[in-house]
Amino acid sequence: MNVREKKYKLIDLFAGAGGLSNGFQQTGKFEIVGAVEINKEAIETYIYNHQSDKKIIIKPSDCEVSNISDIDFEGFMIEKGINPLETVVIGGPPCQGFSNANRQKNYLISGNNQLVKEYARAIDKVRPVAFLMENVKTMNSATHKFFVTEHVDDSIYAYSSEQHLQKINGGEDPFWNDEELILLETDKEEYKDLINRILKMKHVKPLITNETELSRVRSVVRKLKKTKPYNPTSVKEKKELLEIQQIIDSLLRYDFGELNTEEQMMDIVNIAIYTFKKIANGSNTDNEKMLNNLQSFVEINQLLRYLKEIEDENILKIGIPKVLGNRSLKVVVAVKSYNIVVYLEKFFKHLGYKITLGTVHSNHYFVPQKRQRFMVLGVKSSATICDEITFPERYAEKNFTVRDAIGDLEKIDPTKNVKENKLFYNVEINSTEMQNYYRSGMGENIIYNHINTDSEPLSKQRFEEIKNKEGKNFHSLSTELQDVSYTDASRTQNTIYLRLDYDVPSPTVINVRKSMWQHPTNAVALSIREAARLQSFKDNYIFKGSKDKQYQQIGNAVPPLMARAMAEQILYYLGEEPNQYLKDQFR
């Protein structure tokens, strides 16, 4: 009689393309019973790589969207007959609220931070034997915080109310503090009465809410600060013109509601419409005047947006917002806030977990990439005999390099079409340990997803010049090739047009198509498969969706080998062993 090998049930939250769960599966000790993911292309990839089982995606019974906020985890566990003590939960809540890449959006509060609380809610409802949460390394920054909310039973706001914080704090000094948020600073003293009227409203509506339109407003303001009159009338500025027209249309449709008798508010909107129209029809002759025209629109919209965020996120206000000053005005509101990481540590310990948290380096675990992620690893105190838990020590004595990862693909020309997803892999000998790892499980002499972008002539010219100069990135280009499409080339990040170096690990893999990453020796864009290898996906892991969506899925993923090291550590604390240790595979 064959006794089925014991495997822990794995629930994968914010699963993406599946890098985190793939690493756990590589141990041979985990089977996925459900995954939560809202992006349809990532879902397609996830399902395809899990025996095309559509039921693997967890959805509410009355909805086709796998939105974590709508999922009843207790009901899911009961329906599937899953024992929490045989279950591990993993996941990486989207990081927009914490990422340095999001700083330009200037949000007061990021609604995406709510998803971290959704992860905490899932742990509370499932009570797994162990869990792993990952995020960007900046999550542990003091500048990233939660705000105390009004308490609402059976909602996500129950996980950030003062009542909840007091419960998990165990009588210690409060870790949440009073804070004053600045909602607006302006020299427009004539708007004091209007601002006070806005602050007394129960519900507010921003003038502009669409993110594309907000981004275009910021762009227009930047360009109006330059000397040359801004009139986007050329062919290459067609997108700018269309988005400015969208802004005009939104302002023309604006519902003033309670402010429909406020002449100042109407004047602000009408002046903004007039200004955007003047820019759109190419008749702007005075940037400074246009900028002054838009100042009140930008400032009042900011105030309305921040007030709307406070309303939508149910943030507890200490009193009503105040207007301070006379000649220059400052709008402030008193709230309470707390550090996200301090909260998570308190909460998970309150639930009975031993935890370790901190920054983890992917290249310590054989990933040919220097990527740092913030992780929280927890194991039920009753499930381990260890007094404390830690992350695994560094596995790799040396760093694997870009050459180890993709050197064998150098002479296989990538295709340009996602429909041509299979190329002949004509490499006779896999020369590195990494390449043997990538090819394990491949029954045929083929390579999937070796696809790159069909670059425009300008991009090809840039690739050639960077290669010929043995340059590193965009800043290696001649001034002529820099200025042709960048208004301020000096502000371009070092990751743009990055040419990889064969002899060192890759930098952190992002969406390499958008950043125009270049092959180390060929004057071409990096392929989807090459990016996947830098992330340590095996060649038998197939990506689905459009070209850009595949690149994005890979850039968002957790490197499977990094995840595998964390999975082995969890098994150790649970008294189990993987089928093969990662160290032995790369011995």
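Residues numbered from 1 in each chain as written. Predicted model: local features only at pLDDT ≥ 70, side-chain atom pairs only at ≥ 80, totals over all residues. Heavy atoms only, no water.

Asks: What am I meant to see in the overall build of the protein chain here?
Replies: Looking only at helices and strands, the protein chain features 19 helices and 12 strands. At 27 Å, the protein chain has a C-alpha radius of gyration in line with the 25 Å of a compact globule built from 587 residues. With the C-alpha coordinates aligned to their principal axes, the bounding extent of the protein chain is approximately 85 × 65 × 40 Å. Split into buried and exposed, the 587 residues of the protein chain put 55% on the buried side. If you take every contact in the protein chain between residues at least 6 apart in sequence, the share linking residues at least 24 apart comes to 71%. (Helix = DSSP H or I, 4+ residues; strand = E, 2+ residues; numbered from the N terminus. Rg over C-alpha atoms; globule rule 2.2 N^0.38 Å. Buried < 20%, exposed > 50% of the residue type's maximum accessible area, 1.4 Å probe, protein only. Contact = heavy atoms within 4.5 Å.)

Asks: What is the right way to read the sheet that holds strand 3 (residues 87-91) from this model?
Replies: The pairing of strands in a sheet comes from backbone hydrogen bonds and takes either a parallel or an antiparallel form. The mixed open sheet is built from 6 strands, whose spatial order is 2-1-3-4-10-9. On the outer flanks of this sheet lie strand 2 (30-35) and strand 9 (353-361), each paired with one strand and no other. Across the sheet, the axes of successive neighbouring strands diverge by a mean angle of 20°, strand direction being ignored. Pairing of strand 9 with strand 10 (residues 372-380), which is carried by 9 bridges, proceeds in the antiparallel orientation. In the strand pairing of strand 10, lysine 354 is matched with valine 379. Together, strand 4 (130-136), strand 9 and strand 10 form the strand contacts of helix 11 (residues 340-350), whose direction differs from that of strand 9 by roughly 145°. Relative to the sheet, helix 18 (residues 560-573) contacts strand 1 (8-13), strand 2, strand 3, strand 4, strand 9 and strand 10, its axis offset from that of strand 10 by approximately 20°. (Pairing = 2+ DSSP bridges. Axes fitted to C-alpha atoms, helices over the stretch in contact; angles between N-to-C directions.)

Asks: Just to check I follow, could you spell out the pattern of salt bridges for this structure?
Replies: Side chains that carry opposite charge are capable of pairing whenever their charged atoms lie near each other. Under the definition given, this model contains 21 salt bridges. Here arginine 127 ties to aspartate 124 by a salt bridge, and the two come within 2.7 Å at their closest N and O atoms. Residue classification places arginine 127 among the partly exposed residues on the basis of a relative accessible area of 33%. Using a relative accessible area of 17% as the deciding quantity, one classes aspartate 124 as buried. Among the salt bridges present, the one from aspartate 539 reaches arginine 439, with a minimum N-O distance of 3.0 Å. (Salt bridge = Lys/Arg side-chain N within 4 Å of Asp/Glu carboxyl O.)

Asks: Can you help me understand the side chain of aspartate 539 in this one?
Replies: Mapped onto the elements, aspartate 539 comes out in the loop between helix 16 (528-534) and helix 17 (547-556). Judged by relative accessible area, which is 0%, aspartate 539 ranks as buried. Engagement of the side chain of aspartate 539 in a polar contact is seen with the side chain of arginine 439, the distance being 3.0 Å. In contact with aspartate 539, not counting residues within four places along its chain, are Tyr438, Arg439, Met442, Ile447, Tyr448, Arg529 and Arg533. (Polar contact = N/O pair within 3.5 Å; in protein donor to acceptor, adjacent residues only side chain to side chain.)

Asks: For this particular structure, what's the right way to read the nonpolar core?
Replies: Soluble globular proteins: nonpolar side chains tend toward being buried together. Counting 69 residues, the largest nonpolar core has Phe24 and Val88 as the members making the most contacts within it. Counting residues per element, this core draws most heavily on helix 18, at 9 residues. Apart from the residues within four sequence positions on either side, phenylalanine 24 is in contact with Leu10, Phe30, Val88, Ile90, Leu132, Ala563, Ala567 and Ile570. With 49 residues, the next largest nonpolar core counts Ile195, Ala272, Ile273 and Val323 among its residues. (Core = buried A, V, L, I, M, F, W, Y, C linked by side-chain atoms within 4.5 Å.)

Asks: It is not clear to me how empty space enclosed by the protein should be interpreted in this structure. Could you clarify?
Replies: Any empty space left between the atoms is revealed when a probe the size of a water molecule rolls over them. Throughout the structure, instances matching the rule amount to 2 cavities of 30 Å³ or more. When its volume is computed, the second largest cavity comes out at roughly 40 Å³. Considering the residues around the second largest cavity, the lining is formed by Leu184, Thr186, Lys188, Tyr191, Ile195, Ser296, Glu299 and Ile300. Of all elements in the fold, only strand 6 (176-186) and helix 10 (287-312) reach the threshold of two or more residues within the lining of the second largest cavity. (1 Å grid on protein atoms, 1.4 Å probe; cavity = no way out; pocket = protein on both sides within 12 Å on 5 of 7 lines; lining within 4 Å. Points joined across faces, edges and corners; volume = space filled by probe spheres on them.)

Asks: Honestly, the packing of helix 7 (residues 211-224) against helix 10 in this entry has me stumped. Any pointers?
Replies: Any two packed helices are characterised by the angle at which their axes cross and by the distance between the axes. It is at 10 Å that the axes of helix 7 and helix 10 come closest, and there the two elements cross at 145°. Crossing of helix 7 over helix 10 shows left-handed handedness. On helix 10, the residues touching Leu214, Val217, Val220, Val221, Lys223 and Leu224 of helix 7 are Asn287, Met290, Leu291, Leu294, Phe297, Val298, Asn301 and Arg305. For the contact of helix 7 with helix 10, the residue count by class is 10 nonpolar, 2 polar and 2 charged. (Left-handed = near helix turned anticlockwise from the far one by under 90°. Nonpolar A, V, L, I, M, F, W, Y, C, P; charged D, E, K, R; others polar.)

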